[in-house]
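Observations on chain architecture
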Amino acid sequence: MGKKLVVVGGGAGGPSAAAKAKRVDPELEVIILEGGEHVSFSA
Amino acid sequence: MEISDGETLAFDYLVVATGATPRLPGVPGQDLEGIFCLRNVTDAIRIRKFIDEKRVKRAVVVGAGLISLEMCEAFRRLGLETTVVYRKDLPLRRLGEDFAEQILTELETNGVAFMGETSLEGFEPTDTGGIIVHSSGGTFETDLVLLGLGVVPQVSLASEAGLGIGSTGAISVNKFLQTNIPYIYAAGDCCECFHRISQRPVYAPLGDIANKQGRIAGANIGGQNLSFPGIVGSTCFKVFNLEVASTGLTAEEAREVGLKAEAVTIQGVSKAHSYPGSRELHIRLVADTENGRLLGAQAVGGDGVVSRINGLAVALTGGLSLDELAYLDLAYAPPFSGAWDPIHIAAQKLLK
Ligand SMILES: Cc1cc2nc3c(=O)[nH]c(=O)nc-3n(C[C@H](O)[C@H](O)[C@H](O)COP(=O)(O)OP(=O)(O)OC[C@H]3O[C@@H](n4cnc5c(N)ncnc54)[C@H](O)[C@@H]3O)c2cc1C
Ligand SMILES: Cc1cc2nc3c(=O)[nH]c(=O)nc-3n(C[C@H](O)[C@H](O)[C@H](O)COP(=O)(O)OP(=O)(O)OC[C@H]3O[C@@H](n4cnc5c(N)ncnc54)[C@H](O)[C@@H]3O)c2cc1C
């Protein structure tokens, strides 16, 4: 099983990190936590 | 890590990308209905809904940074009577008095009232749903207030997790975007970045930087070995018909970090003089008097401002000197510049 990445924050920096990590290592399990209503509005 | 439903979440890697939160003035009444900050889409929708539903006619903008000035334009487009309340005498003071004056003129030309050297004291509701604004410049009534006082990094989670906080108050990271705990990374407005010209950590909460830091953190977590080279401090924005941009240090900032700096300011044109639609363009170059190396640039004008500043951002990154800038091979055709670009003219003037 792949390793697990948790990203806190779904603005610009968080989703950028999540997407790139998953692209580089497709085995990685990636979870983004976002407290607000909208994701990636600033990316 | 614990999440809001009380569950815990295990991880091998963590990215803290918690962003920033608007700075509040800490005055009485700041939480009243009709007083807003603008941070995200939810805020934007709330503000627009309030304007439409309450038939807002008057707005007060507190602060005169990028978001405040952009919101002045948005409010004026909606036909609102708009007043800025600001602590300093001029907006964007950092760019120098002459450039700040031009920004002020642009605001006033477009119907924005500017109350400089005015401190906010508090708010009170009226019986009719309005808001009374108390300030050192007097008491007046409005329908809506936008607080644009800048942001502070959101580091509460990071502090609880024991992550190192830097001198700027944001999370400190190395060039791989790792915090002091190597499997915990940070990216974006919650963390600091390295300024290549001042050679210090700075807090630069900007969207392009957040994207780059995020991507580099992600690449490293995925197994690559990328480093974030730092920033030269480039920003731009538009207020009504004026473009404003800067990169690197101002002369004052350069001196504060111990550099010997001198600056020159020229007025040029955005396109060839003869070309229709050519607009004034003011550009200031800052250079190190000891070795002629470019340290920064600021510009305001009607057009072509950002292309000049972006060119100069590249020059800063490459460590170019004024000699090199003075005869730099910039692309030329009349719709875009004169044969001598304002960059050449400024560099040659500063060399004299
Ligand atoms: C009106 C406006 C205009 C702007 N214009 C520009 C511009 O022209 N150019 C530019 O470069 N920058 C601009 N910016 C700045 C840019 O939006 C930010 O730099 C960028 O959003 C930062 O991205 P981030 O991911 O670090 O933080 P954010 O976008 O703030 O995202 C952080 C996210 O984390 C979430 N979060 C925080 N804590 C937790 C938690 N404990 N649990 C779960 N979720 C959490 C938040 O809800 C938030 O959604 C502007 C900002 C605003 C508000
Ligand atoms: C339509 C057009 C658009 C252009 N647009 C651009 C542009 O957008 N950007 C750009 O960078 N460049 C542009 N150029 C190129 C630019 O105009 C030339 O690079 C520039 O004119 C070269 O200058 P010059 O002094 O070397 O030669 P010229 O301008 O050709 O001048 C040479 C002069 O010497 C005279 N002469 C020649 N022999 C003798 C002699 N024996 N005795 C006396 N006089 C003599 C000729 O009559 C002529 O007047 C354009 C050129 C044209 C034709």
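The structure displayed is predicted, hence computed values, not measured ones.

Examining the overall build of chain A
When its secondary structure is counted, chain A shows one helix and two strands. Mapped in sequence order, the helices and strands of chain A form the string β-α-β. Projected onto the principal axes, the alpha-carbon positions of chain A cover approximately 30 × 15 × 10 Å. For chain A, the proportion of its 43 residues judged to be buried stands at 37%. A sequence separation of at least 24 residues applies to 64% of the contacts in chain A between residues at least 6 apart. As displayed, chain A offers around 2200 Å² of accessible surface, 51% of which is attributable to carbon and sulfur atoms. Put simply, chain A has 5 plus and 5 minus side-chain charges, and the middle of one group is 8 Å from the middle of the other.

Quick look at the pairing of strand β10 (residues 144–147) of chain B
All names here are of chain B. Of the two faces of β10, the one holding L144 and L146 and the one holding V145 and L147 are both buried throughout. Both strand β3 (residues 35–37) and β10 contribute to a ladder of three bridges, which runs parallel. From the neighbouring strand, I35 faces β10, where its bridge partner is V145.

Quick word on the interface of chain B and chain A
If you look at the interface, chain B gives 28 residues, while chain A gives 24 residues. Of all residues in chain B, Y13, V15 and N211 of chain B bury the most surface against chain A, accounting for 21% of the area lost on that side. Applying the counting criterion to the chain B and chain A interface returns nine residue pairs in polar contact (both at pLDDT 80 or more). Considering every element that reaches the side of chain B that touches chain A, the biggest residue donor is helix α5 (residues 207–221) of chain B, with seven residues. Broken down by class, the residue content of the side of chain B that touches chain A amounts to 16 nonpolar, nine polar and three charged. Pairing analysis gives four bridges linking strand β1 (residues 4–8) of chain A to strand β1 (residues 13–16) of chain B, with the strands arranged parallel.

Let's talk about the domain arrangement of chain B
Each domain of chain B was delimited in the assignment, giving domain 1 (21–151), domain 2 (154–221) and domain 3 (235–351). With centres defined by C-alpha atoms, the gap from domain 1 of chain B to domain 2 of chain B works out at 30 Å.

Looking at the nonpolar core
The tendency in soluble globular proteins is for nonpolar side chains to be buried as a group. Residues and elements named next belong to chain B. In terms of nonpolar packing, the biggest core is built from 33 residues, with L69, F75, V84, I103, L107, L144 and V239 touching the most fellow members. Secondary-structure elements contributing two or more residues to this core are α1 (41–53), β4 (58–62), α2 (66–77), α3 (97–109), β6 (112–115), β10, β15 (235–239) and β16 (242–248). Among the elements that line this core, the one with the most residues is α3, at five residues. Here this core gathers at least three residues from each of two domains, domain 1 (21–151) and domain 3 (235–351). The residues contacting V84, other than those within four sequence positions of it, are V61, G63, A64, C72, V112, A113, F114 and M115. Counting 32 residues, the second-largest nonpolar core is a separate cluster that includes A251, A287, A315 and L325.

Focus on the site of ligand 1
By nearness alone, 26 residues border ligand 1, and A12, G13 and E34 of chain A together with R39 and D189 of chain B come closest of all. Site remark: ligand 1 is flanked by residues from chains A and B. Between ligand 1 and the protein, one listed contact pairs an oxygen atom with a backbone N or O atom of A12 of chain A at 2.7 Å. The backbone of D189 of chain B places a nitrogen or oxygen atom 2.7 Å from an oxygen atom of ligand 1. Burial of ligand 1 by the protein chains amounts to 73% of its free accessible area of 1000 Å².

Section: the packing of helix α1 (residues 13–24) of chain A against α5 of chain B
Between α1 of chain A and α5 of chain B, whose axes approach to 7 Å, the crossing angle comes to 30 degrees. On the basis of their axis angle, the class for α1 of chain A and α5 of chain B is roughly parallel. Of the two elements, α1 of chain A crosses α5 of chain B, and the hand of that crossing is right-handed. Side by side, α1 of chain A and α5 of chain B meet where G13, S16, A17, K20, A21 and V24 of chain A of the first sit next to A210, N211, G214, R215, G218, A219 and I221 of chain B of the second. Class assignment of the residues belonging to the contact of α1 of chain A with α5 of chain B gives a composition of six nonpolar, five polar and two charged.

Notes on α1 of chain A
An ideal rise of 1.5 Å per residue puts 16 Å on 12 residues; α1 of chain A measures up with 17 Å between its terminal C-alpha atoms. Considered for burial, the residues of α1 of chain A that qualify are G13, G14, P15, S16, A17, A18 and A21 of chain A. The elements touched by buried residues of α1 of chain A are β1 and β2 (29–33) of chain A together with β1 and α5 of chain B.

Some words on unusual backbone geometry
Notably, R55 of chain B is not glycine yet its phi reads approximately 50 degrees, a positive angle. Residue classification places R55 of chain B among the exposed positions, given a relative accessible area of 65%.

Quick notes on the environment of V15 of chain B
Take V15 of chain B: it is sitting in strand β1. For the pair formed by V15 of chain B and V232 of chain B, sequence separation is 217 residues and the distance between their alpha carbons is 24 Å. What V15 of chain B contacts, discounting residues up to four positions off in sequence, is L5, V6, V7, V8 and A17 of chain A together with Y185 and I221 of chain B.

Some details on the environment of E253 of chain B
Residue and element names in this part refer to chain B. Locating E253 in the fold gives a position in helix α6 (residues 251–256). For E253, a relative accessible area of 23% puts it in the partly exposed group. A C-alpha to C-alpha distance of 39 Å links E253 and E124, two positions 129 residues apart in sequence. Discounting residues that sit within four places of it in the chain, E253 has contacts with R94 and G248.

Reading the values: rules and limits
- Residues numbered from 1 in each chain as written.
- Chains lettered and ligands numbered in written order.
- Predicted model: local features only at pLDDT ≥ 70, side-chain atom pairs only at ≥ 80, totals over all residues.
- Heavy atoms only, no water.
- Helix = DSSP H or I, 4+ residues; strand = E, 2+ residues; numbered from the N terminus.
- Buried < 20%, exposed > 50% of the residue type's maximum accessible area, 1.4 Å probe, protein only.
- Contact = heavy atoms within 4.5 Å.
- Areas by Shrake-Rupley, 256 points an atom, 1.4 Å probe, with all protein chains shown as cover.
- Lys, Arg positive; Asp, Glu negative; His and termini not counted.
- Charge placed at Lys NZ, Arg CZ, Asp CG, Glu CD.
- Pairing = 2+ DSSP bridges.
- Buried area = accessible area lost by both parts, 1.4 Å probe.
- Polar contact = N/O pair within 3.5 Å; in protein donor to acceptor, adjacent residues only side chain to side chain.
- Nonpolar A, V, L, I, M, F, W, Y, C, P; charged D, E, K, R; others polar.
- Domains from an automatic or database assignment.
- Core = buried A, V, L, I, M, F, W, Y, C linked by side-chain atoms within 4.5 Å.
- Near = heavy atom within 4 Å.
- Axes fitted to C-alpha atoms, helices over the stretch in contact; angles between N-to-C directions.
- Parallel < 35°, antiparallel > 145°, perpendicular 65-115°, else oblique.
- Left-handed = near helix turned anticlockwise from the far one by under 90°.
- Expected span 1.5 Å × (residues − 1).

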